[in-house]
Amino acid sequence: MSGEGGLAQYVLGAVPHGRTAIVAADGTGPLTGRALADRARRGAAGLAALGVGRGDVVALHLPNVPDFAPALCAVLRAGAAAVLCSPLATEEELTGQLALSRAAVVVTAPALRAPARAAAARAGVGAVLDLLPDRRAAESAAVPVVVRAGDPAVLALSSGTTGLPKYAVLTHGGLVANLRQAAGPLPLGTDDVLLALAPFAHVMGACGVLLRGLAAGATVVTLDRFTPAAFLGALSRHRVTQTIVPPPLVDLLATSALVDRYDLSALRVVYVGGAGAGADLERACARRLGCVVAQGYGMTEGGPMITVNPVDGRARPGSAGLPLPGVRIRIVRDGREVPAGSSGEVHVAAPGLMAGYLGDPEATRRVLGADGWLRTGDVGHVDGEGYLWITDRLKDLIKYKGHQVSPAEVEAVLTRHPAVAEAAVVGRPDARAGEVPVAFVTLRTPAIPEELVLFVAARVSAPKRIHEARIVGALPRGPTGKVLRRELRRRVRPGDMRTVTPSHPEFPGDLMAGLPVVDISGFATEAAPGPGRDAVAAEVDRICRETGFFLAAGHGVRPETRAAMFAASREFFALPAAAKNALAISRSSCHRGYFGIAAEALDEGTTGDLKEGLDTGGEHGPDHPEVLAGTPTFGPNQLPDLPGFRQAWSAYRAEAVEAAERVQRALARALGLPDDHLLAMAGGEVMYHLRLLHYPPQRHTRPAPGQLGCGEHTDYGTVTLLADDGVGGLEVMRRDGTWIHVAVPEGLLVVNLGDLMAIWTNDRWVSNPHRVVNPPDTDRYSIPLFVTPPYRARITCLPSCLAPGAEPRYAPQVAGEYLTSRLDATHPYRNPLLAARRAATPPQDG
Ligand SMILES: O=C(O)CCC(=O)C(=O)O
Ligand SMILES: [Fe+2]
């Protein structure tokens with residue numbers, strides 16, 4: 001390759017100026033070839049003005065949007081290398097990537113600005129740009145910089161065949177060679193429309209799709225977020241002719257009824273990347289769509305494209321196809337090349353191979369021989385006609401929905417958990433995802449599986465989350481001490497599935513001591529105190545001194561009442577946003593009604609909780625004395641007009657309030673007070689606020705760093721009784737500051753103390769911090785009932801809780817005023833200051 005523009009020149013030189021080069025699936029951000037070339041040139045000048053040039057690294061932290069194209073081309077023209085960063089990366093992951101790649105500048109999108117800035121600050125990166133600087137013509141004359149074939153062009157994260165993620169260095173010369181080699185066997189022309197589904201943060205998306213499409217003069221359509229409807233809609237709306245999909249989508253295209261609703265008649269070729277989909281599925285898909293379905297094979301280190309099935313009728317379903325021109329394949333077993341038909345490790349030699357791993361000659365040597373052959377870590381054979389068949393892999397990578405997950409990386413996260421001694425992560429076959437990560441761990445100190453699952457979930461992006469943690473006495477090891485992953489994979493094969501529940505023998509029993517079960521049926525009525533009441537009260541006192549959280553049995557809420565309430569709640573939250581917003585809490589004078597995602601921030605100062613909810617209270621008509629008196633929080637509910645909703649709600653509320661009365665009697669007795677002390681306080685009537693909550697799965701909500709379903713908080717009133725749907729996600733802080741995950745056995749209610757208890761008891765009992773982490777892939781529903789003393793009740797230290805001569809630690813509070821002060825502090829709609837601060841922070845994605 002002759003100097004000057006390198007890869008950018010090669011690609012942009014082919015883009016027809018007058019036509020759309022790239023556009024988002026929703027029609028936004030279209031760029032003609034001319035606009036793309038202009039923006040790339042001006043962006044390069046802007047980068048040069050920042051001092052970026054040959055030898056520098058610029059991070060592209062962008063979703064699949066058209067703007068990615070000029071950004072990438074600008075970086076290349078400026079002579080720098082682009083490091084591809086996933087928009088799904090957590091702040092922690094991004095920090096590591098920026099540090100490892102030694103990026104000088106981060107280019108991000110407005111929606112990703114907050115994590116990008118935080119990570120850049122932590123990694124010491126000087127400049128974070130929302131898209132590219134844009135310099136006008138005169139300044140842009142100075143570029144392109146002269147680049148050499150061996151200059152790094154793209155740094156792509158790869159887990160390699162083993163170990164932690166590293167950056168594969170792909171050069172200008174290597175990528176141009178790979179694009180040239182692909183042009184024949186993966187034909188694409190100016191009439192083609194190519195759907196870019198693979199993330200541009202992956203080299204297959206950036207080079208195999210985007211640059212290949214642009215270099216062929218085709219139109220590239222970007223899809224930022226996958227849903228079946230968005231994917232199929234994009235194929236049909238843009239009359240897409242070609243796309244590359246991961247294997248699970250071949251299944252969708254071959255079998256989903258949804259496909260019939262879209263016109264996919266323009267589609268000519270569907271390439272399948274990642275692991276193969278299987279011959280039968282490929283054939284079924286090709287038959288149904290009337291197009292070619294062709295598997296290809298590639299890897300980051302390999303350039304990235306290595307083999308592909310021809311589209312001229314010679315495709316072999318199930319095989320990875322033929323090597324691209326200029327690419328050689330050999331199969332090696334026990335250090336020797338084996339003949340056609342024999343199985344062994346696949347080695348590749350090609351001009352497009354990576355130059356090596358950034359700053360890691362040791363790791364480079366392990367995969368890239370001095371003779372130029374790359375060891376892929378995949379096992380397969382070449383048949384008599386030269387087709388490659390991948391049958392297995394040496395490497396341990398887990399393939400989750402087309403993403404490659406490095407077990408070592410997830411293991412490194414797990415071993416940061418103080419309780420974990422060792423961890424080994426393997427893939428479990430999964431019908432939807434291909435594979436999901438599952439961890440085997442040995443412990444130093446007790447921990448429960450759910451706690452580990454959530455620990456990982458809070459730190460890594462969705463593909464790397466473990467779907468199960470199995471606590472074992474020891475990891476299986478081979479003679480050299482190496483963990484036998486094969487053996488672990490065998491244990492997680494379907495058919496050998498088992499879930500570790502808290503009652504499993506491997507589960508350390510004493511942990512549940514933090515959340516003991518208390519039977520409160522003895523407190524059902526005021527009269528006839530049962531003989532067990534004192535013993536239960538003593539147990540309640542012990543628990544409240546320790547954690548302030550317990551599970552109530554014998555609460556009297558009937559299973560059918562509870563089921564009907566959950567069903568009604570699901571039905572409500574499934575309504576369209578407009579229907580829910582018609583009941584907006586912001587229209588209520590008494591804090592009753594619907595609030596959407598991020599409308600409340602239980603942890604003040606955070607972005608807002610990843611949940612939506614419906615707040616309800618007592619049925620207070622216009623003649624209710626508190627309503628007539630204008631007491632805050634008293635007034636009408638806003639309930640949805642769904643058939644059966646009101647009945648389900650009022651039945652559940654009535655039974656839950658009765659349960660709450662039992663709890664209040666038990667608490668009073670535990671404090672040495674008459675059973676009805678809390679129920680008969682002066683200052684009005686006890687307030688019961690029933691709240692329906694819905695936590696959408698993490699992967700739909702794209703949490704900002706630190707954003708949770710419920711931020712860390714304590715409840716405000718006397719006590720809370722919570723019904724949850726058993727999906728998990730509630731975490732409670734123990735007095736020692738460690739978090740435990742609360743697994744609620746079916747039918748029990750979680751009981752936890754509110755802030756006022758500390759005032760009453762002078763900290764004998766305190767409210768306990770808790771939070772909710774949304775489950776990764778499922779919706780979670782919960783129904784707390786908050787109990788607050790009468791609005792005007794004055795909460796002061798109980799004499800029985802004050803040691804002789806001691807002073808109360810807290811100033812007295814009026815119960816209702818404390819409640820409204822907390823609501824004001826956590827709801828922007830109630831608080832102009834909060835609203836202004838919220839408006840000043842960058843918008844949330846999702
Ligand atoms: O949904 C949950 O499990 C907890 C809800 C909660 O803590 C609250 O709303 O105060
Ligand atoms: Fe709470």
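Calculation criteria
- Position labels on residues start from 1 in each chain and follow its written sequence.
- Written order determines the labels here, with chains lettered from A and ligands numbered from 1.
- Per-residue local features are limited, in this predicted model, to residues with pLDDT of at least 70; the limit for side-chain atom pairs, both in listing and counting, is 80 or more; totals at the level of whole chains, interfaces and linings are taken over all residues.
- Note: side-chain values were computed over all heavy atoms of the structure, leaving out hydrogens and water.
- UniProt positions are given in the numbering used here, feature names are shortened, and annotations may be inferred rather than shown by experiment.
- Whenever a carboxyl oxygen of Asp or Glu lies within 4 Å of a side-chain nitrogen of Lys or Arg, that contact is scored as a salt bridge.
- By definition, any uninterrupted DSSP run of H or I lasting at least four residues is a helix, any uninterrupted run of E lasting at least two residues is a strand, and each is numbered from the N terminus.
- Each residue is assigned to one of three classes by its accessible area relative to the maximum for its type, calculated with a 1.4 Å probe on protein chains only: buried under 20%, partly exposed between the two thresholds, exposed over 50%.
- Strands are labelled as partners when DSSP assigns at least two bridges between them.
- Here, axes are lines fitted to C-alpha atoms. For helices the fit covers the stretch in contact, and angles between N-to-C directions go from 0 to 180 degrees.
- For Na, K and Ca the donor cutoff is 3.2 Å, while for all other metals N, O and S atoms count as donors only within 2.8 Å; water does not appear among the atoms, so some sites may look incomplete.

The name recorded for the chain in an unreviewed UniProt entry is Fe2OG dioxygenase domain-containing protein, from Streptomyces monashensis. A UniProt comment under Sequence similarities (unreviewed entry) is attached to the chain, and it reads "Belongs to the ATP-dependent AMP-binding enzyme family." Under the Pathway (unreviewed entry) heading, UniProt states for the chain: "Antibiotic biosynthesis."

> What is the right way to look at the pattern of salt bridges in this model?
When the charged atoms of two side chains lie near each other, side chains of opposite charge can form a pair. Within the structure shown, the criterion is met by 39 salt bridges. Across the pair Arg416 and Glu92 runs a salt bridge, and its minimum N-O distance is 2.5 Å. Linking Arg416 in the loop between α13 (407-414) and β24 (420-430) with Glu92 in helix α4 (residues 91-101), this pair joins segments that are 324 residues apart in sequence. Overall, Glu92 belongs to the partly exposed group, its relative accessible area being 32%. One salt bridge in this structure joins Arg669 and Asp534, with 2.9 Å as the shortest N-O distance.

> What exactly am I supposed to notice about the sheet that holds strand β27 (residues 517-519) here?
Note: strands within a sheet are paired through backbone hydrogen bonds, in either parallel or antiparallel orientation. On the basis of which strands lie adjacent, the open sheet formed by eight strands has the order β27-β28-β36-β33-β38-β31-β30-β29 and mixed pairing. Strands with a single pairing partner mark the edges of an open sheet, and in this sheet they are β27 and β29 (593-595). Neighbour-to-neighbour, the strand axes of this sheet turn through a mean angle of 25 degrees, independent of strand direction. When strand β31 (residues 687-695) meets strand β38 (residues 780-788), the two strands line up antiparallel, connected through seven bridges.

> Please explain unusual backbone geometry as it appears in this structure.
Trans peptide bonds make up most of the peptide bonds, and negative phi angles are found at most residues other than glycine. Residue Pro304 is reached from Gly303 by a cis peptide bond, and omega for that bond is 10 degrees. Mapped onto the fold, Pro304 is located in the loop between β13 (292-298) and β14 (305-308). For Asp334, which is not a glycine, the phi torsion comes out positive at approximately 50 degrees. The backbone phi angle of His591 is positive, close to 60 degrees, even though this residue is not glycine. As for its position among the elements, His591 is in the loop between α18 (577-581) and β29. For His591, a relative accessible area of 8% puts it in the buried group.

> Would you explain the coordination of the iron ion (ligand 2) in this entry?
Octahedral metals with six donors have ideal donor angles of 90 or 180 degrees. Tetrahedral metals with four donors have an ideal donor angle of 109.5 degrees. Taken together, His713 (NE2), Asp715 (OD) and His770 (NE2) make up the protein donors of the iron ion (ligand 2), found 2.1 to 2.2 Å from the metal. Between consecutive donors of the iron ion (ligand 2), the numbers of intervening residues give the motif H-x1-D-x54-H. With His713 in strand β32 (residues 710-713) and His770 in strand β37 (residues 770-772), this pair connects stretches of sequence that are 57 residues apart. Residue class for His713 comes out buried when judged on its relative accessible area of 9%. Of the residues examined, His770 reaches a relative accessible area of 5% and is grouped as buried.

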